[in-house]
Amino acid sequence: MVVNERLSRLRLVLGDDGLERLQEATVLVLGLGGVGSSCAAALARGGVGSLVVLDEDVVEPSNINRQTVALVSTIGRVKAEVMAEMVADINPDCRVVPRQLYISPERVAEDLDPLPRPDYVIDCIDTISQKLAIAQWCAERGLPLLSSMGAANKLDPTRLAFAEVQDTRNCPMSQVIRRECRRRGITGLEVLFSDERPVQVAGTGRTKAQTLGSMSYQPPIMGQMLAGLAIRRLAGLEAMVEPPRWVARGA
């Protein structure tokens, strides 16, 4: 049977119970850039039964060096739709809900609550205000969350590690997130970060395209690591951790 062949190597390490847990799980992947598109593909290959994938953008030529959805043939297409087609080609049994959507920090609940409730949320967005709003949304709803920190200007994937955000170092994005989490009363945010010091980029530009370089392998490896941890926990191979917590200031 084709489906058995497609999942046979997974069954060897997960067992029937673990594979069944994954097939019944729903994972929400926010952002389909270099990290998120690789993460979503790995979740589909890993036997996850349902994916909700969100991104506001279309594929651009500059994405090709690192993004799974970015090919010459997909330039100009909506990333979420391309991702859904790829998942269908990888694992036709995986149910996919694709959305081309900008997640406004002020409208996170309105944007995400109508979607299928996930068993895990993986935040691969690169905007700090959105990441903080997503962390608060997950905390309010008791949803497990993994949040990707910055991959830009980092070269060495062996320096990647999971930690609570207050335990990170040498990561400019983590530094800002850590400070804002303290200010907003968010605790227990688990992140994937690199403790490698960022490469100094030559030039005087101010835009992301001018200041944030990215290697072909670093964001995809981060996506694979995020997917791997979520898969192990959802399959019951590792204990689930507590969702982030939020206490309103003045409450």
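Residues numbered from 1 in each chain as written. Predicted model: local features only at pLDDT ≥ 70, side-chain atom pairs only at ≥ 80, totals over all residues. Heavy atoms only, no water.

In the annotation of an unreviewed UniProt entry, the protein chain is listed under the name tRNA threonylcarbamoyladenosine dehydratase and assigned to Kytococcus schroeteri.

Chemist: Help me out: how do you make sense of the overall build of the protein chain in this one?
Modeler: Across its full length, the protein chain holds eight helices and nine strands. For 251 residues, the compact-globule estimate of 2.2 N^0.38 gives 18 Å, and the protein chain sits close to it at 18 Å. Once the C-alpha set of the protein chain is aligned to its principal axes, its extents read approximately 55 × 50 × 35 Å. Burial status across the protein chain gives 49% buried among its 251 residues. Considering only intrachain contacts with a sequence separation of at least 6, the fraction spanning at least 24 residues in the protein chain is 74%. Carbon and sulfur atoms make up 51% of the accessible area of the protein chain, which totals about 12200 Å². Between the averaged position of the 29 positive side-chain charges in the protein chain and that of its 30 negative side-chain charges there is a distance of 6 Å. (Helix = DSSP H or I, 4+ residues; strand = E, 2+ residues; numbered from the N terminus. Rg over C-alpha atoms; globule rule 2.2 N^0.38 Å. Buried < 20%, exposed > 50% of the residue type's maximum accessible area, 1.4 Å probe, protein only. Contact = heavy atoms within 4.5 Å. Areas by Shrake-Rupley, 256 points an atom, 1.4 Å probe, with all protein chains shown as cover. Lys, Arg positive; Asp, Glu negative; His and termini not counted. Charge placed at Lys NZ, Arg CZ, Asp CG, Glu CD.)

Chemist: Please clarify how the pairing of strand S1 (residues 26-30) should be interpreted in this entry.
Modeler: Side-chain direction in a regular strand flips from residue to residue, so the side chains alternate between the two faces of the sheet. The buried fraction of S1 is high, at five of five residues. Side chains of S1 alternate between two faces, with Thr 26, Leu 28 and Leu 30 and Val 27 and Val 29 buried alike. Relative to strand S2 (residues 50-55), S1 is paired through five bridges, and the arrangement is parallel. Directly across from Leu 28, in S2, lies its bridge partner Val 52. Of the pairings in the sheet, the one linking S1 to strand S4 (residues 120-123) comprises four bridges and is parallel in character. When the bridges of S4 are listed, Leu 28 appears paired with Val 121. (Pairing = 2+ DSSP bridges.)

Chemist: Which parts of the structure should I look at to understand the side chain of Arg 178?
Modeler: Within the secondary structure, Arg 178 sits in helix H6 (residues 172-184). Within the buried set, Arg 178 has no salt-bridge partner at all; the shortest N-O distance to an opposite charge, 8.1 Å, is to Asp 167. Only 2.7 Å separates the side chain of Arg 178 from the side chain of Thr 168, close enough to count as a polar contact. Arg 178 has contacts with Val 165, Gln 166 and Thr 168, leaving out every residue within four places of it along the chain. (Salt bridge = Lys/Arg side-chain N within 4 Å of Asp/Glu carboxyl O. Polar contact = N/O pair within 3.5 Å; in protein donor to acceptor, adjacent residues only side chain to side chain.)

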